[in-house]
Amino acid sequence: MREGERHIGIAVKSIANLLDRRMHASGGCLSGDHATPMQGRIIKYLYENAPRGDLFQRDLEQYFFIRRSTATGILNLMERSGLIRRESVEYDARLKKLVLTDTALEQHRRFSRLFAENEALMERGLTAEELDQFFAVVDKIKKNLE
């Protein structure tokens, strides 16, 4: 890469790395009984979307744009760590809904504060119009990649 050359992919990955590093540094994800940043994002998604009904692995795959194998690996680890349970649903024996455990709800409280702090930090100095433009550009980029 030449000096001064910019790449969207590198910029996006850099921001993601910085966010994960902040989560680790602030004690949001330590070894042992604490969730990783990605697990925290999944817990947040499941918590916030639970009122709309049962949530399944495919919902996570679509929302986070991750492959089935990636989602399976993350969810298996979350299940072994006691963060989620997979429960059968009456209307389709093939489906297993994702249910947060009490441990995950405790982690959600911890992550919520950290997510809010990071969002506020990222938005600092940006106008509402700049945020709207940012999300419009991000949406276009995602559409291009789909």
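Shown above is the structure to which this text applies.
The following paragraphs examine the structure supplied in this document. Small disclaimer: the values here were computed from a predicted structure and weren't measured.

So, how was this worked out
Residues numbered from 1 in each chain as written. Predicted model: local features only at pLDDT ≥ 70, side-chain atom pairs only at ≥ 80, totals over all residues. Heavy atoms only, no water. Helix = DSSP H or I, 4+ residues; strand = E, 2+ residues; numbered from the N terminus. Buried < 20%, exposed > 50% of the residue type's maximum accessible area, 1.4 Å probe, protein only. Phe/Tyr/Trp six-rings, centres within 6.5 Å; stacked < 30°, edge-to-face > 60°. Salt bridge = Lys/Arg side-chain N within 4 Å of Asp/Glu carboxyl O.

Okay, the overall build of the protein chain next. A count of helices and strands for the protein chain gives six helices and two strands. Counted from the first residue to the last, the protein chain has its helices and strands arranged as α-α-α-α-β-β-α-α. Reported as C-alpha extents along the three principal axes, the dimensions of the protein chain are approximately 55 × 35 × 30 Å. Taken across its 146 residues, the protein chain has 29% of its residues classed as buried.

As enumerated under the stated definition, the model contains four aromatic pairs in all. Geometrically, the ring pair formed by Tyr 45 and Tyr 63 is tilted, given 4.6 Å between the ring centres and 35° between the ring planes. Taken together, the residues Tyr 45 in helix α2 (residues 37-49) and Tyr 63 in helix α3 (residues 57-64) connect sequence positions 18 residues apart. Judged by relative accessible area, which is 7%, Tyr 45 ranks as buried. Owing to a relative accessible area of 51%, Tyr 63 belongs among the exposed residues under this scheme. Members of the aromatic cluster, each reached through a chain of ring pairs, are Tyr 45, Tyr 63 and Phe 64.

This part takes up unusual backbone geometry. The phi angle at Phe 65 is positive, at roughly 55°, despite the residue not being glycine. Among the secondary structure elements, Phe 65 is positioned in the loop between α3 and α4 (68-80).

In this section: the pattern of salt bridges. Summed over the entire model, instances satisfying the criterion amount to eight salt bridges. Residues Arg 52 and Asp 59 are paired through a salt bridge, measuring 3.7 Å at the closest nitrogen-oxygen approach. A salt bridge links Arg 86 to Glu 79; the shortest N-O distance between them is 2.9 Å. A residue is classified by how much of its surface remains accessible, and Arg 86, at 25% relative accessible area, is partly exposed.

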